[in-house]
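Here's the letter readout for the chains.
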Amino acid sequence: MVREEAENGRDDMLIDGDEPEQMKLDYALPDGFNADYLKVYYGKIFPYVDMSKWLSYGNDGKHPGCDHSYLGRREFSFTLDNDIYVRFQSFNTASELEKAIKEKCPFKIDIGPVYSVDPSKRHAYSQGGDNIFTPVEKELVFDVDISDYDDVRYCCSGADVCLNCWPLMTIAIKVIDTSLRDDFGFSHVLWVYSGRRGVHCWVCDGKARRLTNEQRAAIVDYFRVYKGNENSTKKVSLVGPALHPFLVRSYTEVLKDYFENRLLSSQNLFLNEERFEKILEVIPDESVTSELRGKWLSNKQSDVARWDQLKRLLQSSKQKGQGLRRCIEEIVFSFTYPRLDTEVSKHMNHLLKAPFCVHPKTGRVCVPINPKNCDEFDPSAVPTLSQLLRELNSGSFRGEGDNEWDGTSLGDCVRYFRESFLQPLLKSCKEEIEASYNAKVQQSRNSISW
């Protein structure tokens, strides 16, 4: 049920205030999520202007081709304290968005599609009998959660994550990002840490935003290799005499290296019988599995040594079947290939958490991730609410002008968002608006000439 939250009446926490006790807060702020911290974050740090410019896609300019209703037709959803959901909100300007966020202090902000009409006035349109309230644009999005890999990671489970299993998210970024750019020709791709256990991807090119649900589903199906569930013995099926070029590239450039040089040892995939039996289940030849099982039960060997034994046996001249040699690739794919939440990507009206939100369970900010340097990303080093407030209180950093985020550890994240993602995107959007406007003008002239 959608309900509006009453004013909570809490006073804002002072930052750089007049009270002498204020400076004592520098080291007195406990870690974790706190609603009062969040109010300060929204009041001092959240990059409203950059977010609004992104979601306006150049339509906030003065060019006659701009659609000034564009941002106002975008749905925003707030999750307030006590899990109160407020959907179908809309804001015409950055200042309106900023005012609403500061007043309501949402624990989470979700972004929905751009509708044909203002979503906050949808009921007025529905009374006319015509179903004109419909989504017309939405970024192509992807959601990857590390909890979906619980059957192939042994260091953590559920929402827990560490540096031993986080490479699974790095793999997902590398594989999907390369394909989006090289196979589909997209240019404006934003990766964002979810704040706890995964990553989100926003594909923001105009042609991506205007994809139909059927086209989105087709793209998802292109990536779909992991087809099993927790009860399936074989979760990946690589059919045909040769792999698709996308899968070959993913295997040779990303998956194989991460499996053999990172995950094999960090997850101890062959540590005991329970674990290596999961791998042997992929091999359909009982004589091969019996031989390997016998060697591993009788001799204590490293994970790397056991993997090398498996590869040698499957690739040996005695084993002529293509299916057996393909088992090596299927094992690697089963343990490393991206596992997408496909429903998030298929439907235009699906909501996704906004960048620069704060995760209410961890207090960490949902920061952008540079796919070129995603190997270096450490989720445990992402700025937290309490850390940002300590930095503001200490006064050791000072931002330029009103950019107080520039004086915190969030500064590099906002600068990356602005310089590497937003500026190239807006340049492309303005060129698209100009081209579309000129085409309409020319069409009008042609019709007049007739």
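Parameters at a glance
Residues numbered from 1 in each chain as written. Predicted model: local features only at pLDDT ≥ 70, side-chain atom pairs only at ≥ 80, totals over all residues. Heavy atoms only, no water. Axes fitted to C-alpha atoms, helices over the stretch in contact; angles between N-to-C directions. Helix = DSSP H or I, 4+ residues; strand = E, 2+ residues; numbered from the N terminus. Parallel < 35°, antiparallel > 145°, perpendicular 65-115°, else oblique. Left-handed = near helix turned anticlockwise from the far one by under 90°. Contact = heavy atoms within 4.5 Å. Nonpolar A, V, L, I, M, F, W, Y, C, P; charged D, E, K, R; others polar. Pairing = 2+ DSSP bridges. Salt bridge = Lys/Arg side-chain N within 4 Å of Asp/Glu carboxyl O. Phe/Tyr/Trp six-rings, centres within 6.5 Å; stacked < 30°, edge-to-face > 60°. Buried < 20%, exposed > 50% of the residue type's maximum accessible area, 1.4 Å probe, protein only. Lys NZ or Arg CZ within 6 Å of the ring centre and 35° of its normal. Disulfide = S-S within 2.5 Å. Core = buried A, V, L, I, M, F, W, Y, C linked by side-chain atoms within 4.5 Å.

Draft legend 1. Region of interest: the packing of helix 9 (residues 273-280) against helix 10 (residues 286-298). Interaxial distance between helix 9 and helix 10 falls to 11 Å at its minimum, and their mutual angle equals 160°. As the angle between them shows, helix 9 and helix 10 are arranged roughly antiparallel. Read as a crossing pair, helix 9 and helix 10 show a hand that is right-handed. Where helix 9 approaches helix 10, its residues Glu273, Phe276, Glu277 and Leu280 are matched on the opposing element by Thr289, Leu292, Arg293, Trp296 and Leu297. For the contact of helix 9 with helix 10, the per-class residue count stands at five nonpolar, one polar and three charged.

Draft legend 2. Structural context of the sheet that holds strand 9 (residues 368-369). Pairing is antiparallel in the open sheet, where four strands are placed in the order 5-7-6-9. At either end of the open sheet lies a strand with only one pairing partner, and these are strand 5 (140-145) and strand 9. Against the sheet, helix 5 (residues 167-182) engages strand 5, strand 6 (189-193), strand 7 (198-203) and strand 9, with an angle of about 165° to strand 6.

Draft legend 3. A look at the packing of helix 10 against helix 11 (residues 303-315). At a minimum axis distance of 11 Å, the contact between helix 10 and helix 11 shows a crossing angle of 155°. By the criterion of interaxial angle, the relationship of helix 10 to helix 11 is roughly antiparallel. Of the two elements, helix 10 crosses helix 11, and the hand of that crossing is right-handed. Touching Val288, Glu291, Leu292, Lys295 and Trp296 of helix 10 are Arg306, Gln309, Leu310, Leu313 and Leu314, all from helix 11. Residues belonging to the contact of helix 10 with helix 11 are distributed by class as follows: six nonpolar, one polar and three charged.

Draft legend 4. Geometry of the pattern of salt bridges. Considering all chains together, one arrives at 25 salt bridges under this definition. Because the salt bridges share partners, they merge into one network encompassing Glu137, Arg209, Arg210 and Glu432.

Draft legend 5. Layout of the packing of aromatic side chains. Overall, the coordinates contain 34 aromatic pairs when judged by the stated rule. Here Phe223 and Phe246 contribute two aromatic rings whose centre-to-centre distance is 5.6 Å and whose plane-to-plane angle is 70°, an arrangement assigned as edge-to-face. Taken together, the positions of Phe223 in helix 7 (residues 213-223) and Phe246 in helix 8 (residues 245-266) put the pair 23 residues apart, joining distant regions of the chain. The exposure class assigned to Phe223 is buried, which follows from its relative accessible area of 2%. Here the aromatic residues Phe142, Phe184, Phe186, Tyr222, Phe223, Phe246, Tyr251, Phe333 and Tyr337 are joined through ring pairs into a cluster of three or more. A cation sits over an aromatic face here: Arg87 above Phe88, 4.4 Å from the ring centre. We note Arg209 situated over the ring of Tyr57; from NZ or CZ to the ring centre the distance is 3.7 Å.

Draft legend 6. Examining the state of the cysteines more closely. Per the counting criterion, the structure on display carries zero disulfides. Not part of a disulfide, Cys366 finds its nearest cysteine sulfur in Cys357, a span of 5.6 Å. For Cys366, a relative accessible area of 1% translates into the label buried.

Draft legend 7. Just the nonpolar core, in detail. Counting 125 residues, the largest nonpolar core has Tyr41, Trp54, Leu310, Phe356 and Leu410 as its most contacted members. When residues of this core are assigned to their parent elements, the largest contribution, nine residues, is made by helix 8. In this view, Leu310 contacts Ile279, Ile283, Leu292, Trp296, Ile328 and Ile331; residues no more than four positions away in its chain are not counted.

Draft legend 8. Representation of the pairing of strand 6. Among the five residues in strand 6, five count as buried, and that is most of the element. Residues of strand 6 alternate between two faces, with Val189, Trp191 and Tyr193 on one and Leu190 and Val192 on the opposite face, all of them buried. In terms of strand pairing, strand 6 meets strand 7 through five bridges, oriented antiparallel. When the sheet's bridge partners are listed, Tyr193 is paired in strand 7 with Val199. Counting the residues in the hairpin turn of strand 6 and strand 7 gives four residues, including Gly195, whose phi is positive at 100°. As paired elements, strand 6 and strand 9 share two bridges and run antiparallel to each other.

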